[in-house]
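# Observations on chain architecture
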Amino acid sequence: MSIKVRYFASLKESLGRSEDDLEFTGIVTVSDVWHRANAGKAAPNHLLAAVNMEYVDWNSVVSDGDEVAFFPPVTGG
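So, a few notes on the structure that sits alongside this text.

Check the secondary structure of the protein and you find 2 helices and 7 strands. Counting helices and strands in the order they occur from the N terminus, the protein gives β-α-β-β-α-β-β-β-β. Taking 11 Å as the expected radius of gyration for a compact globule of 77 residues, we find that the protein reaches 12 Å, a close match to that expectation. Expressed as lengths along the three principal axes of its C-alpha atoms, the size of the protein is roughly 40 × 25 × 20 Å. Here the protein holds 77 residues, and the buried ones make up 34% of them.

Phi is positive for A9, which is not a glycine, with a value near 55 degrees. Along the polypeptide, A9 turns up in helix α1 (residues 9-15). Relative accessible area serves as the criterion here: at 46%, A9 is assigned to the partly exposed category. In the Ramachandran plot, M53 falls in the positive-phi region, its phi being about 70 degrees despite a non-glycine side chain. With respect to the helices, strands and loops of the structure, M53 is situated in the loop between β4 (48-51) and β5 (54-55).

Here we come to the environment of V30. As for its placement among the helices and strands, V30 is situated in helix α2 (residues 30-37). A relative accessible area of 0% means that V30 is categorised as buried. The sequence separation of V30 and A43 amounts to 13 residues, and the corresponding C-alpha distance is 11 Å. Not counting chain neighbours up to four residues away, the residues in contact with V30 comprise A49, V51, V56, D57, W58, S60, V62, V68 and F70.

With that settled, consider the packing of aromatic side chains. Where two aromatic rings form a pair, the distance of their centres and the angle of their planes describe that pair. Here the structure, examined in full by the defined rule, presents 7 aromatic pairs. Residues Y55 and F71 carry aromatic rings whose centres are separated by 5.8 Å and whose planes lie at 55 degrees to one another, so their mutual orientation is tilted. In this pair, Y55 is assigned in strand β5 and F71 in strand β7 (residues 67-71), connecting sequence segments 16 residues apart. Overall, the relative accessible area of 15% leaves F71 in the buried class.

About the criteria used
- Counting of residues starts from 1 at the beginning of each chain's written sequence and follows it residue by residue.
- Reporting in this predicted model follows two pLDDT cut-offs: at least 70 for local features of residues, and 80 or more for side-chain atom pairs to be given and counted; totals over whole chains, interfaces and linings ignore these cut-offs and use all residues.
- As a rule here, side-chain values cover all heavy atoms of the structure and leave hydrogens and water aside.
- Helix and strand assignments come from DSSP, with helices taken as H or I runs of at least 4 residues and strands as E runs of at least 2, each series counted from the N terminus.
- The quantity called the radius of gyration is restricted to C-alpha atoms. Its globule counterpart is 2.2 Å times the number of residues to the power 0.38.
- We call a residue buried when its accessible area falls under 20% of the maximum for its residue type, exposed when it is over 50%, and partly exposed in between, using a 1.4 Å probe and counting protein chains only.
- Residues are treated as being in contact if the distance between any of their heavy atoms lies within 4.5 Å.
- Stacked, edge-to-face and tilted labels apply to pairs of Phe, Tyr and Trp rings (six-membered ring for Trp) whose centres lie within 6.5 Å, assigned for plane angles under 30 degrees, over 60, and everything in between, in that order.

Laid out in structure tokens, this is it:
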């Protein structure tokens, strides 16, 4: 299955890229996507995830053709 991964804000800058295209087989969670895209590195604290523009838990299952986005929490003042 094909998954599009997008990174936003400071996360995009710290990783040095804005997106990845990954191929998976079997059942895949948001957490699996992060670890595969980032060579098993731990995710930064408080990182948010969305699948197809809807906030999700990191244990949510991802389907073929989904877009998974990771971004730091938005703060304002």
